[in-house]
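Reading the structure
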Amino acid sequence: MFGKRHTSTQLVGAALVAGTLVLGLTGCGGSGSDEVKVGLITKTDSNPYFVKLREAAQAQADKDGAKLIALAGAFDGDNEGQVAAIENMVGQGVKGILITPNSSTGVLDAIKKARDAGVVVIALDTATDPEDAVDATFATDNKAAGVSQGKWVKGALGTAAPQVVMLDGTPGGTVDTFRHDGFLEGFGIANGSPEIVGQENTNGDQTKAQTAMENILQRAPGINALYTINEPAAAGAYQAIQAANRANQITIGSIDGSCTGIADVKAGKIGATVLQFPAKMAELGVQAVVKFAKDGTKPSGFNDTGSQLVTDKPVAGLESKDTAWGEQNCWGKAGS
Amino acid sequence: MSTGAPAAAPSTATSSISSRFNARNLLREPLLGPLVALVIAIVIFSSVSNSFLNPQNVSLILQQSVVVGILAVGQTLIILTSGIDLSIGAVAVFGTIVMAQSAGAGGPFLALGSTLLVCVVFGAVNGGLVTALRLPPFIVTLGTFTAIQAATRLLAGSETYRVEPGALTFLGTSFRIGSFSTTYGVVTMLLVYLVMWYALSQTAWGKHVYAVGGNPQASNLSGIKSQRVLFSVYLTTGVIAAIAAWAALGRIPNADPNAYQNANLESITAVVIGGTSLFGGRGGVGGTLVGTLIVGVLRNGLTQAGVDNLYQNIATGVLVIVAVAVDQFARRRSQ
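Predicted, not measured: the structure shown is a model, and the values here were computed from it.

So, on to the sheet that holds strand 2 (residues 67–72) of chain A. Residues and elements named next belong to chain A. Pairing in this open sheet of six strands is parallel, and the strands run 2-1-3-4-5-11 from one edge to the other. Two strands lie at the open edges of the sheet, namely strand 2 and strand 11 (301–304), each paired on one side alone. Strand-to-strand, the axes of this sheet are offset by a mean angle of 20°, without reference to chain direction. As paired elements, strand 3 (residues 96–99) and strand 4 (residues 120–124) share four bridges and run parallel to each other. Each residue of the ladder has a partner; that of Leu 98, found in strand 4, is Ile 122.

In structure tokens, the structure reads:
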């Protein structure tokens, strides 16, 4: 009697597991084997930027009659997760893999194995180091985006003596370095210039940016120009600036082009942002894989998907679009 | 497309098992439930995908399981003593940075030695706080996890270090047995399991570990030096973390302070799915190996089937809860 009960408990567990598996599989049965399979591996699942990238890839795959398999790392820096994703996709017979690498060097061996197995590998958004570790790269020219931000902040500042604070992302990050250096170039100063009165790493995180800005405002109250690695960092910094009653005295520049960021520009919290086009990266990537599957043509080199300065306070001599245009072209949902 | 076959699988398993096993066996063998789940998962995936069971893919699943699989052995030891180790992954990541940096200064063998030393010291710190100060392992390892993670970034200067091929990446080297190609990392993982299985089931030390976890008062009364046994468990876990660090550099020859952030939790997942009781004293490394493989099979199989990442995590989450529920029921019935 007892025996039966124990047995059934264990088996209920096993059956539930089986049920979960079956549930997971029902969505994907019956896919034809001739379909071109395209793999997409983003850094994480948790950022609307990558959601946009993925939705655009899915839409393009549907249009081209390809099947998209989307996987992601579990967190920024999850090399193991991305390597496993590459291996599993190759095992599944994808024609091409689109990847936004978590570390520009950590996944290189897995990428090489995939390419040796005849899979075309394209980096989206973030280049690998060296860049030719992949067949091609579709990404924003982050240096150019940084230059746009720097030129605008400098222009908006006018004749005031600049006191610049830089809220960086992650030290050593490829994108971070390009944006940072681009900003300095556009602004017309160099690393270590006396105009730079503060510099903090925020990991592009709103909370960390707020804390960093609170501390900087204590240390360097005279700051009037702010570089931010992305819009969440800008939003966090604005919180701190507003709390210190300095809201209209500091010119804030940013990069990304999320709908939340554009809304912040419209509301006057951020002065200007530089919009990127993740959807374009994904579309071009999927098209390139489908083309490779059809006629064997491999994409190559670095392909700039462009960026656009968006502000409602245009600076003379600097091409920009207003927030109405930004709302039409941004990614993600405002307020999320 | 083949929902018919998997649906039939559990019921076939039901009849064969219920005829052969009774409650006593199930309680003594917490391994059985996970094993059934693993077999079912394999049956389902091989019916969905032709390539699932080919040797290359099986080898992949094993390679992808190596790091968390090794860490899970250490986690099993701690959980058997009714503790938990939230720091084990962070210790291993710290180990990879030490290994990469000291290799540049003094060669691979100094690197391996210093990594072992550092990881054992971290084990001793955890063990010392748990035994000498009688602090709860959850809190101790939460503290050391937080501190070690920060120390890792300080040590690495938030940079990643590429490791040159050689002794440090040896565990990533592959070799063939017939048509089956696998890495020395996989062999190392299996060896770690074998050694710990032997130590736990065939030695007095192993019996003491179970006794301390199952009932510390009773084991004290019976003359076992509980605190000494506990401390040895944390030291051993340090050694295992060092082996995991070595295996990690074999798998990805890049020491990255941001890597393996979820390894702590993933190792706990493997242990729990493997049927080891969080209340201590019940379970073993055999179950953990099965638990590790279940997680690996799920991830690989669901990818092969084209299932999205987040659904894979939902499946793993459900499994954890099911496993704990099964353990609870088994304990309640046995009381």
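Back to the write-up after that little detour.
Okay, the pattern of salt bridges next. Residue and element names in this part refer to chain A. Scanning the entire structure with this criterion turns up eleven salt bridges over all chains. With a closest N to O distance of 3.1 Å, Lys 112 and Asp 116 form a salt bridge. One end of the pair, Lys 112, and the other, Asp 116, are both in helix 4 (residues 108–116), four residues apart, so they sit about a helical turn from each other. Each member of the pair, Lys 112 together with Asp 116, is exposed. Asp 295 is the partner of Lys 291 in a salt bridge, and the nearest nitrogen-oxygen pair spans 3.1 Å. You can see Lys 291 and its partner Asp 295 sitting in helix 10 (residues 278–295), four residues apart, about one turn around the helix. The partly exposed category is assigned to Lys 291, whose relative accessible area is 43%.

A few words now on helix 7 (residues 206–219) of chain A. Residues and elements named next belong to chain A. In a regular helix each residue adds 1.5 Å, so 14 residues correspond to 20 Å; helix 7 covers 20 Å between its end C-alpha atoms and thus fits that length. For helix 7, the complete set of buried residues consists of Ala 209, Ala 212, Met 213, Ile 216 and Leu 217. Looking down the long axis of helix 7, one finds its buried residues gathered within 135° of arc, a one-sided arrangement. With respect to the buried face of helix 7, the exposed residues turned more than 90 degrees away are Thr 207 and Gln 218. Looking at the buried residues of helix 7, the elements they touch are strand 6 (164–168), strand 7 (196–201), strand 8 (225–228) and helix 8 (231–243).

All names here are of chain B. By secondary structure assignment, the location of Asn 262 is in the loop between strand 4 (254–255) and helix 11 (263–273). A relative accessible area of 26% places Asn 262 in the partly exposed class. C-alpha of Asn 262 to C-alpha of Phe 109: the two residues are 153 residues apart in sequence and 28 Å apart in space.

Reading the values: rules and limits
- Residue numbering note: each chain is counted from 1, following its sequence as written.
- Chains carry letters from A onward and ligands carry numbers from 1 onward, assigned in written order.
- pLDDT decides what is reported in this predicted model: residues at 70 or higher carry local features, side-chain atom pairs at 80 or more are listed and counted, and totals for whole chains, interfaces and linings draw on all residues regardless.
- No hydrogens and no water enter the side-chain calculation; it runs on all heavy atoms of the structure.
- A pair of strands counts as paired when DSSP detects no fewer than two bridges linking them.
- Here a strand is any run of E in DSSP of at least two residues, a helix any run of H or I of at least four, and the numbering for each starts at the N terminus.
- Every axis corresponds to a line fitted to the C-alpha atoms, with the helix fit spanning only the stretch in contact, and the corresponding angles, defined between N-to-C directions, vary from 0 to 180 degrees.
- Within this document, salt bridges are pairs made up of a side-chain nitrogen of Lys or Arg and a carboxyl oxygen of Asp or Glu, the two lying within 4 Å of each other.
- Partly exposed residues are those whose accessible area sits between 20% and 50% of the maximum for their type, while under 20% is buried and over 50% is exposed, using a 1.4 Å probe and protein chains only.
- The length a helix should cover is 1.5 Å for every residue beyond the first.
- In this description, one arc is meant: the one made by directions from the helix axis to the C-beta atoms.
- Any pair of residues with heavy atoms lying within 4.5 Å of one another is described as a contacting pair.

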